[in-house]
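The residues making up each chain are set out below.
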Amino acid sequence: MTPASHPVPDRYTVVLRPGPPGVQDAKGHDAVLRTARVAATGATGVSGYPYYEGEGVRAEIDPESRAVEAVTVDGEELPYGWIAQLADDAPDIRPT
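1. What to know about unusual backbone geometry
Backbone geometry at E55 places phi at a positive 55°, although glycine is not the residue there. Looking at the element boundaries, E55 is found in the loop between β3 (50–54) and β4 (57–61). Non-glycine residue R66 carries a positive phi angle of around 65°. By the secondary structure assignment, R66 is in the loop between β4 and β5 (68–73).

Following this line, the structure appears as structure tokens:
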């Protein structure tokens, strides 16, 4: 399927972490450096996936795999070692 053939969620929560899943903070919780609620802009990114923006984060997100394909934070690339993932909350789907 092509990226355009999937329903495009209105919003996601992007979670920025200091490394792969499972890295924990001092309290034993999964480490989270920042979260941002991003909304669909209606544009398609260079990757061919929908473009989302909000709270200083810009991201191209594959709605099928839920992969964050491209991301900037406050206009900059992620620092070395940081990763961007989507929160487990259900996305808001646009009516078709």
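2. Remarks on the nonpolar core
By size, the foremost hydrophobic cluster in this structure holds 15 residues, and its most contacted members are V14, V38, V57, I61, V68, V71 and A84. Those elements that provide at least two residues to this core are β1 (9–17), β2 (34–44), β4, β5 and β7 (83–86). With sequence-adjacent residues up to four places away left out, A84 is seen in contact with V14, V15, L16, V68, V71 and L78.

3. Overview of the pattern of salt bridges
Across all of its chains, the model carries 2 salt bridges by this definition. As a salt-bridge pair, D74 and R34 come within 2.8 Å of each other at their nearest N and O atoms. You can see D74 sitting in the loop between β5 and β6 (76–77) and its partner R34 sitting in strand β2, a full 40 residues away along the chain. Classification of R34 by relative accessible area gives partly exposed; the value is 25%. Of the charged contacts, one joins E53 and R58 as a salt bridge, the two residues approaching to 3.7 Å between their closest N and O atoms. Here R58 falls in the partly exposed class, since its relative accessible area comes to 43%.

4. Examining the side chain of T13
Among the structural elements, T13 can be located in strand β1. Within the structure, T13 has its side chain in polar contact with the side chain of R37 (distance 3.0 Å).

5. Structural notes on the environment of V14
On the secondary structure map, V14 appears in strand β1. Relative accessible area serves as the criterion here: at 1%, V14 is assigned to the buried category. Between the alpha carbons of V14 and L86 there is a distance of 4.7 Å; along the sequence they are 72 residues apart. Contacts of V14, omitting those with residues within four sequence positions, involve R34, T35, A36, V38, V57, I61, A84, Q85 and L86.

Cut-offs and rules
- Residues numbered from 1 in each chain as written.
- Predicted model: local features only at pLDDT ≥ 70, side-chain atom pairs only at ≥ 80, totals over all residues.
- Heavy atoms only, no water.
- Helix = DSSP H or I, 4+ residues; strand = E, 2+ residues; numbered from the N terminus.
- Core = buried A, V, L, I, M, F, W, Y, C linked by side-chain atoms within 4.5 Å.
- Buried < 20%, exposed > 50% of the residue type's maximum accessible area, 1.4 Å probe, protein only.
- Contact = heavy atoms within 4.5 Å.
- Salt bridge = Lys/Arg side-chain N within 4 Å of Asp/Glu carboxyl O.
- Polar contact = N/O pair within 3.5 Å; in protein donor to acceptor, adjacent residues only side chain to side chain.

These results come straight from atomic positions and should not be treated as a statement about function.
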